[in-house]
Amino acid sequence: MKRTLYGQLKRVLIIHGTLGKPQDHPESARVLVNLLGHFNVSCTHLSSFHYSRGMLSGFDALFYLSDTDDTTPSSLLMDIIHTHLPVCWLGKNIEHLAASGRLGTTTISPPGSGEVTIHYRGQALPGDPTNLRLLRVEELTGCRVWAYFEQAGKRYPYALEHKNLWMFAEDPLTSSGGYWVLADLLHEILRERHANKAAALIRIEDVHPQTDPTSLQAIGDYLGQENIPFLVALIPVYANGATKSWIPLSTRPGLVQTLHDLVKKGAMLVLHGYTHQHGEEESAIGFEFWDADSDQPLFGDSWLTVEKRLRQALDECAANNLWPLAFEPPHYAISALGYRVCRAHFSTLVGREQLSDRTYQITQVFPYPIWRDQYGNRWFPENLGYVNPASGQTVARMLETARQFLVVRDAIAGAFFHPFMPLDLLKQLVDGLRALGFSFTDLRQERHWVRWSGWRVHNLNDQILVTHVPGQSPCWATARRS
């Protein structure tokens, strides 16, 4: 799973069909930028309003996004018609390209009503009939249909390639099934041949000083016996603002010992905030870096306030000889500024990414590792959700989602599990993922680093190197599988 650079770095131009400054690109463009972060590319994004003839020069590929019914600028349309670069047209206004004759005799019309299923690489994926268009391409030789959709017993093209042009019957960035199709086809569009491997990642969630060590130990024993590496999302202080409770990890030696044992059994620790709450909230239920009530960054959100929480959390871990190698924002909610602070202190984030400061309720689900997102962060994904049958989060539902991921050649199916849930449910999930052909990935095989207040922590497989105060000899904290 380690990153391999495929050929020379490609320069990609992303043009979106909405007005505004280049840095004010819409969330669909952010989604694309993040997906492209899986590949050996650098991205430049631009509003179509600011495009001038010949701007494609110097780039290796073009992605055109349009989420509004507007007119494609003639300068852009002419360059797309005449370029030999790979062009991927996403979203609306494909009829403007059809009218140019570039697609031969082509008609585009809305499909009929009824359930839609997308078929790609032998898998059936859910489709959204409200945004689909029928692409009837005639008198066009050399046109390859990579995916099709089915409605009312009839089949229609969904993803088409003609020479250097790639087209979709809807905007796959906003479609649940089409998103996985695009995620895989990016390998073809960008001509990067990644290995086919179905990987899975299990994370034990919301471990804090009030967590029952017995249930946590049982999980570690099971995963260790099954030779399954896993993540543990650690909250080093339990707090409850309403009851004034404040319980640091240092006051729970039994839990600390259990965590050390889990590391020996194959766990990699992930920092999951300092208290995973703020104000009157309770740890693991509340937020920490976001105001959920008003759905906006916390009042007083700043580099210093975010950095202070991270430093305090890491200090508490260090006091117990516990060394997280990655960070997971509580409830995946943090401001854009917060993500930049994370980049300064962590090499690695896990989970889902909040797309903007507009709302915490829109996050991007990654199908595979993202080596560089819109802020420069590296991500390993969670995309299956968590086990909780009482709220509809059944193992069967999670496995059905994992089955869909098989269309993405180098996907990681990531799930998380709370220690208070019955262990049998975790066993069902593990068995089901194995039956689908997934193997469990060990993130300790990746190189990670964490740095704060003169400390630097990094790993070499299952060994952790900790340095503090320049000039002192480093100490090795070894965490070998028992």
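Residues numbered from 1 in each chain as written. Predicted model: local features only at pLDDT ≥ 70, side-chain atom pairs only at ≥ 80, totals over all residues. Heavy atoms only, no water.

Regarding the overall build of the protein chain
Part 1 of the argument: The helix and strand tally for the protein chain stands at 10 helices and 27 strands.
Part 2 of the argument: Here the protein chain holds 482 residues, and the buried ones make up 58% of them.
Part 3 of the argument: Across the protein chain, contacts joining residues at least 24 apart in sequence account for 71% of those joining residues at least 6 apart.
Part 4 of the argument: Approximately 19500 Å² of the protein chain is accessible, and the part contributed by carbon and sulfur atoms is 51%. (Helix = DSSP H or I, 4+ residues; strand = E, 2+ residues; numbered from the N terminus. Buried < 20%, exposed > 50% of the residue type's maximum accessible area, 1.4 Å probe, protein only. Contact = heavy atoms within 4.5 Å. Areas by Shrake-Rupley, 256 points an atom, 1.4 Å probe, with all protein chains shown as cover.)

Quick word on the packing of aromatic side chains
Part 1 of the argument: Scanning all chains against the criterion turns up 18 aromatic pairs.
Part 2 of the argument: Between Phe-39 and Tyr-368, the ring centres sit 6.1 Å apart and the planes meet at 85°, which makes this aromatic pair edge-to-face. Of the two residues, Phe-39 sits in the loop between helix 1 (27-36) and strand 2 (41-47) while Tyr-368 sits in the loop between strand 20 (363-364) and strand 21 (378-381), which places them 329 residues apart along the sequence. The exposure classification of Phe-39 matches that of Tyr-368, with both residues buried.
Part 3 of the argument: Clustering of aromatic rings is evident, with ring pairs tying together Tyr-339, Phe-366, Tyr-375 and Trp-379.
Part 4 of the argument: Looking at Arg-144, its charged tip hangs above the ring of Trp-146, at a distance of 3.6 Å from the centre.
Part 5 of the argument: Just above the ring of Trp-449 sits the side chain of Arg-451; from NZ or CZ to the centre is 3.8 Å. (Phe/Tyr/Trp six-rings, centres within 6.5 Å; stacked < 30°, edge-to-face > 60°. Lys NZ or Arg CZ within 6 Å of the ring centre and 35° of its normal.)

Here's the deal with helix 10 (residues 423-435)
Part 1 of the argument: With 13 residues, helix 10 extends 19 Å between its outermost C-alpha atoms, agreeing within 8% with the 18 Å of an ideal straight helix rising 1.5 Å per residue.
Part 2 of the argument: Taken residue by residue, helix 10 has Leu-425, Leu-426, Leu-429, Val-430, Gly-432 and Leu-433 as its buried positions. One side of helix 10 holds all its buried residues, which, seen down the axis, span an arc of 165°.
Part 3 of the argument: If you follow the buried residues of helix 10, they end up packed against strand 12 (199-207), helix 5 (213-225), helix 9 (395-405), strand 22 (412-417) and strand 23 (439-440).
Part 4 of the argument: One or two residues past the end of helix 10 sits Gly-437, with phi positive at roughly 105°. (Expected span 1.5 Å × (residues − 1). Arc of directions from axis to C-beta.)

Some remarks on the packing of helix 9 against helix 10
Part 1 of the argument: At a closest axis distance of 10 Å, the pairing of helix 9 and helix 10 adopts a crossing angle of 25°. Put simply, helix 9 runs roughly parallel to helix 10. Handedness of the helix 9/helix 10 crossing: right-handed. Between helix 9 and helix 10, the contacting residues are Val-395, Met-398, Leu-399 and Ala-402 on the first element and Leu-425, Gln-428, Leu-429, Gly-432 and Leu-433 on the second.
Part 2 of the argument: A class-by-class count of the residues in the contact of helix 9 with helix 10 yields 7 nonpolar, 2 polar and no charged. (Axes fitted to C-alpha atoms, helices over the stretch in contact; angles between N-to-C directions. Parallel < 35°, antiparallel > 145°, perpendicular 65-115°, else oblique. Left-handed = near helix turned anticlockwise from the far one by under 90°. Nonpolar A, V, L, I, M, F, W, Y, C, P; charged D, E, K, R; others polar.)

Focus on the side chain of Gln-217
Part 1 of the argument: Take Gln-217: it is sitting in helix 5.
Part 2 of the argument: If near-sequence neighbours (up to four positions away) are discounted, Gln-217 is found in contact with Thr-258, Asp-261, Leu-262 and Lys-265.

Overview of the pairing of strand 22
Part 1 of the argument: Among the 6 residues in strand 22, 6 count as buried, and that is most of the element.
Part 2 of the argument: The two faces of strand 22 match: Ile-412, Gly-414 and Phe-416 on one face and Ala-413, Ala-415 and Phe-417 on the other face are all buried.

Quick word on the environment of Ser-176
Part 1 of the argument: With respect to the secondary-structure elements, Ser-176 resides in helix 4 (residues 176-189).
Part 2 of the argument: The spacing of Ser-176 and Pro-126 is 50 residues in sequence and 6.7 Å in space, taken between C-alpha atoms.

Quick word on the sheet that holds strand 9 (residues 143-151)
Part 1 of the argument: Strand order in the open sheet formed by 9 strands is 2-1-3-4-11-10-9-6-7, with mixed pairing between adjacent strands. Single-partner strands in this sheet number two, and they are strand 2 and strand 7 (123-126). Sheet twist, expressed as the average angle between the axes of neighbouring strands with direction ignored, equals 25°.
Part 2 of the argument: With 7 bridges joining them, strand 1 (residues 10-16) and strand 2 adopt parallel strand pairing. Bridged to His-16 within strand 2 is Ser-47. (Pairing = 2+ DSSP bridges.)

Focus on the confidence of the model for the protein chain
Part 1 of the argument: Averaged over every residue, the pLDDT of the protein chain is 90; residues scoring 70 or more account for 90%.
Part 2 of the argument: Low confidence marks residues 478-482, where pLDDT is under 50. Its contacts with residues over four positions away, or in another chain, come to 19 contacts. (pLDDT = per-residue confidence, 0-100.)

Some details on the pairing of strand 1
Within a regular strand, the side chains alternate between the two sheet faces.
Part 1 of the argument: Counting buried positions over the 7 residues of strand 1 gives 6, a clear majority of the element.
Part 2 of the argument: In terms of strand pairing, strand 1 meets strand 3 (residues 61-66) through 5 bridges, oriented parallel. Bridging from a neighbouring strand, His-16 pairs with Leu-65 of strand 3.

A word on the pattern of salt bridges
Part 1 of the argument: This model, assessed by the stated rule, comprises 16 salt bridges.
Part 2 of the argument: A salt bridge links Arg-409 to Asp-184, with the shortest nitrogen-to-oxygen separation between them at 2.8 Å. Taken together, the residues Arg-409 in the loop between helix 9 and strand 22 and Asp-184 in helix 4 connect sequence positions 225 residues apart. Asp-184 shares its class with Arg-409; the two are buried.
Part 3 of the argument: Across the pair Arg-203 and Glu-205 runs a salt bridge, and its minimum N-O distance is 2.7 Å.
Part 4 of the argument: Of the residues examined, Arg-203 reaches a relative accessible area of 3% and is grouped as buried.
Part 5 of the argument: Ionic contacts of the salt-bridge type, sharing partners, join the residues Arg-121, Asp-184, Glu-188, Arg-193 and Arg-409 into one network. (Salt bridge = Lys/Arg side-chain N within 4 Å of Asp/Glu carboxyl O.)

What about unusual backbone geometry?
With the exception of glycine, most residues fall at negative phi, and the peptide bonds are largely trans.
Part 1 of the argument: At Ala-152, a position not held by glycine, the phi torsion is positive, near 55°.
Part 2 of the argument: Tracing the sequence through the fold places Ala-152 in the loop between strand 9 and strand 10 (154-162).
Part 3 of the argument: Residue Ala-152 is classed as exposed on the basis of its relative accessible area of 72%.
Part 4 of the argument: Positive phi values are uncommon outside glycine, yet Ala-284 reaches one of about 75°.
Part 5 of the argument: Looking at the element boundaries, Ala-284 is found in the loop between strand 16 (267-271) and helix 7 (303-319).

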